[in-house]
Amino acid sequence: MNLEQRRLRRKWAFIIAPLLLFVAACSGLTYGSVPISLRDIWEALSAGGDPLHQKIIMNLRMPRVLIGLLVGACLAASGALLQGVMKNPLADPGIVGVSAGGGLAAILAMIVFPQFSYLLPALAFAGALAASLCIYLLAWDRGSSPLKIVLAGVAVNALLGAVTNGLMVVYSDRVQAVLPWLAGGLSGRSWHHLSFMAPYAIAGLALSLLAIKPANLLLLGDDESRLLGQKVELQRLLIIVLSSLLAGAAVSVAGLVGFVGLVVPHAVRLLVGDDYRFLLPLSIAGGAALVVLADTAARSAFDPIELPVGILLAVLGAPFFLYLLKKRGMSG
């Protein structure tokens, strides 16, 4: 692909991304057990129209769509940053154990220390950070291979999964409340959930835009970055902390939603290249749209059964992950 073709793709991507977000938001507000037309939605938002439609839009669908947008944006941004800092397109908050670390911390808060549930986003961030640092120490090496980082992630995931299962056995009388959360979903999410995760998510997304320059410099290689006066290890650590904040914010509300951080950044990278000036904003928009569209499909296509969005995303994401593994041959 020549430079002119790439520029054209980037231009069209930035035109299409806002339209895709608009379509995703409209679909999330429109479809459900009670279909509502766009006109009725507009009347409900302007304090007119059917009172029933107002209640459905304002109390159920609007907070769910907004949470879905933030969750998808956070997971995609986290995945894009992790892929850059680990120099591995197979890195993802779910695959390498970051989401599992946040999930374990959140489960501890929900079933062992419920009095600290109001600290759920902060605790999820701490768990995600601990897991990501563990992956960093186990897998990072200047000559590390995709196989090494994936296996390290699998090992950490297995360990965290074992601890989680142990907690569920010990506190079996409280497990029912967290089972839907473990599957990953937005069912029952309200303005309350949005209010306590939004500050973490918005702060993380804003900081991620400040990480564009150091992320691009890290792509040049450690030696080249040091020649340009960059503090490579410090920047890498800060980006990992930021990725953990983003993953923790998403996990604290949506549970263990996987593959968004893998699929979206990789697809965007194929379209616009590795430059984080384009990759990160488009990944944020793509992740937000994907989660809302998938959630809309999960709660509408199987009516009257509402499928957790995490299950649907896993069905879509797992084949894509296997395709990447086959394409790259798991070689270093």
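The structure this text deals with has already been given above.
Quick look at the structure, then. (Residues numbered from 1 in each chain as written. Predicted model: local features only at pLDDT ≥ 70, side-chain atom pairs only at ≥ 80, totals over all residues. Heavy atoms only, no water.)

Considerations on the packing of helix α1 (residues 3-30) against helix α13 (residues 276-300)
Alright, step 1. The interhelical angle for the contact between α1 and α13, taken along N-to-C directions, is 25 degrees, at an axis separation of 9 Å. In terms of their interaxial angle, α1 and α13 are classed as roughly parallel. α13 is crossed by α1, and the crossing has left-handed handedness. Along the contact surface, α1 presents Arg10, Ala13, Phe14, Ala17, Leu20, Leu21, Ala24, Ala25, Ser27 and Gly28, while α13 presents Arg277, Phe278, Pro281, Leu282, Ala285, Ala288, Ala289, Val292, Leu293, Thr296 and Arg299.
Alright, step 2. Grouping the amino acids of the contact of α1 with α13 by side-chain chemistry returns 15 nonpolar, three polar and three charged. (Axes fitted to C-alpha atoms, helices over the stretch in contact; angles between N-to-C directions. Helix = DSSP H or I, 4+ residues; strand = E, 2+ residues; numbered from the N terminus. Parallel < 35°, antiparallel > 145°, perpendicular 65-115°, else oblique. Left-handed = near helix turned anticlockwise from the far one by under 90°. Contact = heavy atoms within 4.5 Å. Nonpolar A, V, L, I, M, F, W, Y, C, P; charged D, E, K, R; others polar.)

Points about the environment of Arg10
Alright, step 1. Mapped onto the fold, Arg10 is located in helix α1.
Alright, step 2. Each C-alpha atom of the pair Arg10 and Ile57 lies 34 Å from the other, and the pair is 47 residues apart in sequence.

Quick word on a nonpolar patch on the surface
Alright, step 1. On the surface, Leu8, Trp12, Ile15, Ile16, Leu19, Leu20, Phe22, Val23 and Leu293 cluster together into a nonpolar patch covering about 860 Å² of accessible area.
Alright, step 2. It is α1 that contributes the most residues to the nonpolar patch, eight residues altogether.
Alright, step 3. Structurally, the position occupied by Leu293 is in helix α13.
Alright, step 4. Classification of Leu293 by relative accessible area gives partly exposed; the value is 33%. (Patch = residues over 30% accessible without salt bridge, like charges linked within 9 Å, V, L, I, M, F, W, Y side chains within 5 Å. Areas by Shrake-Rupley, 256 points an atom, 1.4 Å probe, with all protein chains shown as cover. Salt bridge = Lys/Arg side-chain N within 4 Å of Asp/Glu carboxyl O. Buried < 20%, exposed > 50% of the residue type's maximum accessible area, 1.4 Å probe, protein only.)

Focus on helix α9 (residues 212-219)
Alright, step 1. Counting buried positions along α9 gives six out of eight residues, so the element sits mostly inside the fold.
Alright, step 2. Burial in α9 covers these residues: Ile212, Pro214, Ala215, Asn216, Leu217 and Leu218.
Alright, step 3. Taken from the residues just after α9, Gly221 is the one with a positive phi, measuring 110 degrees.

Examining the pattern of salt bridges
Pairs can form between side chains of opposite charge whenever their charged atoms are close.
Alright, step 1. Going through the model one piece at a time under the given rule, you end up with six salt bridges.
Alright, step 2. The residue Arg269 makes a salt bridge to Asp274 at a minimum N-O spacing of 2.9 Å.
Alright, step 3. Its relative accessible area of 15% is what places Arg269 among the buried residues.
Alright, step 4. Given the relative accessible area of 43%, Asp274 is considered partly exposed.
Alright, step 5. Of the charged contacts, one joins Asp275 and Arg277 as a salt bridge, the two residues approaching to 2.6 Å between their closest N and O atoms.
Alright, step 6. Overall, the relative accessible area of 53% leaves Arg277 in the exposed class.
Alright, step 7. Each member of the salt-bridge network shares a partner with another, and the members are Arg64, Asp295, Arg299 and Glu306.

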